[in-house]
Amino acid sequence: MIVFPGIKMGCHAELLAIAETGRIIAKPAALTMAEAGCMMFGGLTALDFLRRQAGLAQGERLPVNGASGTVGSAAVQVGRLLGA
């Protein structure tokens, strides 16, 4: 299972209590736990930044410096999905 409690600054924990009706999905069988964890962190961090901080709009160009890490590589993919 993959759980995402929301975008908040804080710490990472080994165990987390979350409501049964919370943001819980089954981990895709093709992904390892490490890969699934990277998707949650990198993808959602990039999405939050591109929407809220950068205000990325469809049709804009998106230069990403350092697109080889978790957040940077996700920013390229998310930016493309958002129409950049």
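Conventions we followed
Residues numbered from 1 in each chain as written. Predicted model: local features only at pLDDT ≥ 70, side-chain atom pairs only at ≥ 80, totals over all residues. Heavy atoms only, no water. Helix = DSSP H or I, 4+ residues; strand = E, 2+ residues; numbered from the N terminus. Buried < 20%, exposed > 50% of the residue type's maximum accessible area, 1.4 Å probe, protein only. Contact = heavy atoms within 4.5 Å. Areas by Shrake-Rupley, 256 points an atom, 1.4 Å probe, with all protein chains shown as cover. Axes fitted to C-alpha atoms, helices over the stretch in contact; angles between N-to-C directions. Parallel < 35°, antiparallel > 145°, perpendicular 65-115°, else oblique. Left-handed = near helix turned anticlockwise from the far one by under 90°. Nonpolar A, V, L, I, M, F, W, Y, C, P; charged D, E, K, R; others polar. Salt bridge = Lys/Arg side-chain N within 4 Å of Asp/Glu carboxyl O.

Observations concerning the overall build of the chain
Right, on to step 1. In terms of regular secondary structure, the chain is built from two helices and two strands.
Right, on to step 2. The secondary structure elements of the chain, listed N-terminal to C-terminal, are β-β-α-α.
Right, on to step 3. The 84 residues of the chain split such that 17% are buried.
Right, on to step 4. Long-range contacts, defined here as pairs at least 24 residues apart, represent 55% of the contacts in the chain between residues at least 6 apart.
Right, on to step 5. For the chain, the exposed surface amounts to about 6600 Å²; the carbon and sulfur share of it is 59%.

A few points about the packing of helix H1 (residues 33–53) against helix H2 (residues 70–81)
Right, on to step 1. Where H1 contacts H2, the axes come no closer than 8 Å and their chain directions differ by 60°. Classed by the angle they form, the pair H1 and H2 counts as oblique. Read as a crossing pair, H1 and H2 show a hand that is right-handed. Across from Cys 38, Phe 41, Gly 42, Gly 43, Thr 45, Ala 46, Leu 47 and Leu 50 in H1, the residues of H2 making contact are Thr 70, Val 71, Ala 74, Ala 75, Val 78 and Gly 79.
Right, on to step 2. For the contact of H1 with H2, a count of residues per class yields nine nonpolar, five polar and no charged.

Observations concerning the pattern of salt bridges
Right, on to step 1. Following the criterion strictly, the structure yields one salt bridge and no others.
Right, on to step 2. The salt bridge partner of Arg 52 is Asp 48, with a shortest N-O separation of 2.7 Å. With a gap of four residues between them, Arg 52 and Asp 48 both fall in helix H1, about one helical turn apart.
Right, on to step 3. A relative accessible area of 55% places Arg 52 in the exposed class.

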